[in-house]
Amino acid sequence: MLQPSLPEIQIVPRDLAPYRRGNTGIDYVHRFDSGRPGPHVLVNALTHGNEFCGMVAATHLLDTGVRPLCGTLTVSFANVEAYESFDPARPFDSRQLVHNMNRIWSPQWLDGPEDSPELRRARAMRPAVLEADHILDLHSTSQAVQPFWVYPRRSPNARVARAIGQPAIHLVMPSGLGSGVPLIQHGAHGVEEGAEGEGGVALVAECGQHFLRATAELATEVTLDFLAHFGMIDRGPSPGARGVVQTRVELLRTVVVRTPEFRFVRPVVGFETFDEGELIAIDGDEEIRSPCPTCTILMPAREPIPGREGVYLARPLPD
Ligand SMILES: [Zn+2]
């Protein structure tokens, strides 16, 4: 089988041992209380072990001594164990050790009988996630595509992502992922919004390709804009405030790979569009076809693995 070529590694993972001892009783979780009223914001990195951009943004906050002007700031590194398994010869393998740490944030998994490095870590981090009013979870993509937000369809999420304005593309989830519960839908953040449209914000920022310097730079920018949005730091106007044009698409289906024969009908990296009914991929005897006009595909699997996600199918949303 033809092996995809290895990407350039522009960001070298650094030793996170100095960040292990936080002040919350949970390893790799740091908290700064301003002593003033305000929201509790969580900036989380490394939910996936090889998504280095979050590590760069989180260490930036800690190294530069950012302290919130109001409320409480928590900075966390999630799957450090997977991160520490990084091997530049197999750079995609350290995404996770056993479980996808971004699909296990349900009581079924967290209170269930199974065990894995990811489940142990999620159980340890659970209080920090539950205590946060607003969450920014920093991620990156295997392919070098445009950065984008991912968030449940709750009006506070859309409002804040739009106000920040970068990334300029929004992937909205009307009813979750369909393949597990991500960190940003744990606890109160996973509840359907009330009539007032209020509640906590929880966003994933997919900042670009895992190993590119530009991805880490964007993650840092987005993090600072997120903190500025909640009044925690002083910063100039965000791209959203400057009127940057934004595009929104809505998740229709998460395709999970069923067989080792899964393949796309042509090479794809994400953001390709398909006409209604057009063939996108074949998985054994299943044909995966576009369910709508101008279907956008996102995060196509670089190397499809049965049981893991193959691709997201999304339709355009009116602005
Ligand atoms: Zn990720």
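Notes on the structure follow.

Criteria and cut-off values
Residues numbered from 1 in each chain as written. Predicted model: local features only at pLDDT ≥ 70, side-chain atom pairs only at ≥ 80, totals over all residues. Heavy atoms only, no water. Donors = N, O, S within 2.8 Å, 3.2 Å for Na, K, Ca; no water. Tetrahedral: all angles 85-135°; square planar, octahedral: opposite > 155°, others 65-115°. Helix = DSSP H or I, 4+ residues; strand = E, 2+ residues; numbered from the N terminus. Core = buried A, V, L, I, M, F, W, Y, C linked by side-chain atoms within 4.5 Å. Buried < 20%, exposed > 50% of the residue type's maximum accessible area, 1.4 Å probe, protein only. Contact = heavy atoms within 4.5 Å. Pairing = 2+ DSSP bridges. 1 Å grid on protein atoms, 1.4 Å probe; cavity = no way out; pocket = protein on both sides within 12 Å on 5 of 7 lines; lining within 4 Å. Points joined across faces, edges and corners; volume = space filled by probe spheres on them. Nonpolar A, V, L, I, M, F, W, Y, C, P; charged D, E, K, R; others polar.

## What about the coordination of the zinc ion?
The protein atoms that coordinate the zinc ion are His 48 (ND1), Glu 51 (OE), Glu 51 (OE) and His 139 (ND1), at distances of 2.0 to 2.4 Å. Geometry at the zinc ion is irregular, judged from its 4 donor atoms and the angles of 56 to 146° they form at the metal. Sequence spacing of the donors to the zinc ion: H-x2-E-x87-H. One end of the pair, His 48, is in the loop between strand S2 (40-45) and helix H1 (52-63); the other, His 139, is in strand S4 (residues 134-141), with 91 residues separating them in the sequence.

## Description of the nonpolar core
In terms of nonpolar packing, the biggest core is built from 50 residues, with Leu 16, Leu 73, Phe 77, Trp 149, Leu 203, Phe 226 and Leu 227 touching the most fellow members. Beyond its immediate chain neighbours, meaning those up to four positions away, Phe 226 contacts Val 41, His 134, Ile 135, Leu 136, Val 160, Ile 164, Val 201 and Leu 203. Core analysis: the next-biggest nonpolar cluster, separate from the first, contains 29 residues, Ile 169, Leu 177, Tyr 312 and Ala 314 among them.

## Remarks on the pairing of strand S3 (residues 72-77)
The element S3 is extensively covered by neighbouring structure, given that 6 of its 6 residues are classed as buried. Covered by surrounding structure in S3 are Thr 72, Thr 74 and Ser 76 together with Leu 73, Val 75 and Phe 77, the residues of both alternating faces. When strand S1 (residues 29-33) meets S3, the two strands line up antiparallel, connected through 5 bridges. The residue of S3 that forms the bridge with Arg 31 is Thr 74.

## Considerations on the layout of surface pockets
Computed from the structure, the largest pocket encloses a volume of approximately 1,100 Å³. Contributing to the lining of the largest pocket are 49 residues, with Arg 95, Gln 96, Ile 305, Arg 308 and Glu 309 lying nearest its centre. Going through the elements one at a time, S4, strand S7 (202-209) and strand S14 (309-316) are the ones with two or more residues in the lining of the largest pocket. Class assignment of the residues belonging to the lining of the largest pocket gives a composition of 23 nonpolar, 16 polar and 10 charged.

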